[in-house]
Amino acid sequence: ETQMSGFVIATGGSAVYCGPAMEHLRDDGVVVFLDLPLGELTARLGDLEQRGVVRRPGQTLADLMAERLPLYRKHADVTVACSGMGHEEVVRAVLAAVTSL
């Protein structure tokens, strides 16, 4: 088994549906939930079909978020509220949150 440290693994949003996978990630690292309000998430994602966001037929982004939000919160070691932040600000916030554990 290979030991890794100092890496970031950015899973797809649907990874939270697999409890054993999330437990494995938590066992070997820190799971960070980047919390973004629905309006900002909608603007960032744009066309869901083009982005490849997996949904059931007729399922809206709001429906998907309502379904996943409890799972994101359950599996997160750290939650970073990212509203209004740019990429660099998010990175700084994540580093601050993770180093304070």
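This structure is a prediction, so every number in the text was calculated from the model and none was measured.

Some details on the pairing of strand β2 (residues 78–81)
The alternating pattern of β2 places Val78 and Val80 on a buried face and Thr79 and Ala81 on a face that is not buried. Summarising the sheet, strand β1 (residues 32–35) and β2 pair through four bridges and their orientation is parallel. From the neighbouring strand, Val32 faces β2, where its bridge partner is Val78.

Some points on the nonpolar core
With eight residues, the main nonpolar core is built from Leu36, Val78, Val80, Cys82, Val90, Ala93, Val94 and Ala97. Among the secondary structure elements, those contributing two or more residues to this core are β2 and α5 (87–99). The greatest single-element share of this core, amounting to four residues, is contributed by α5. Setting aside chain neighbours within four positions, we find Val78 in contact with Val30, Val31, Val32, Phe33, Ala97 and Leu101. One finds Val31, Phe33, Leu69 and Tyr72 within the second-largest nonpolar core, a separate group that totals seven residues.

Quick notes on the pattern of salt bridges
With the rule as written, the count across this model stands at three salt bridges. Across the salt bridge formed by Arg26 and Asp77, the nearest N and O atoms sit 2.8 Å from each other. Here the residue Arg26 occupies a position in helix α1 (residues 19–28), and Asp77 occupies one in the loop between α4 (61–75) and β2, the gap between them amounting to 51 residues. What makes Arg26 partly exposed here is its relative accessible area of 35%. Of the charged contacts, one joins Glu49 and Arg55 as a salt bridge, the two residues approaching to 2.5 Å between their closest N and O atoms. The exposure class of Glu49 is exposed, given its relative accessible area of 62%.

Points about the packing of helix α2 (residues 38–45) against α4
Viewed as axis vectors pointing N to C, α2 and α4 meet at an angle of 120°, and their least axial separation amounts to 11 Å. It follows that α2 is oblique to α4 by the angle criterion. The chirality of how α2 crosses α4 is right-handed. Taking contact as the criterion, the partners of Leu38, Leu41, Thr42 and Leu45 in α2 are, on α4, Leu61, Ala62 and Met65.

Criteria and cut-off values
- Residues numbered from 1 in each chain as written.
- Predicted model: local features only at pLDDT ≥ 70, side-chain atom pairs only at ≥ 80, totals over all residues.
- Heavy atoms only, no water.
- Buried < 20%, exposed > 50% of the residue type's maximum accessible area, 1.4 Å probe, protein only.
- Helix = DSSP H or I, 4+ residues; strand = E, 2+ residues; numbered from the N terminus.
- Pairing = 2+ DSSP bridges.
- Core = buried A, V, L, I, M, F, W, Y, C linked by side-chain atoms within 4.5 Å.
- Contact = heavy atoms within 4.5 Å.
- Salt bridge = Lys/Arg side-chain N within 4 Å of Asp/Glu carboxyl O.
- Axes fitted to C-alpha atoms, helices over the stretch in contact; angles between N-to-C directions.
- Parallel < 35°, antiparallel > 145°, perpendicular 65-115°, else oblique.
- Left-handed = near helix turned anticlockwise from the far one by under 90°.

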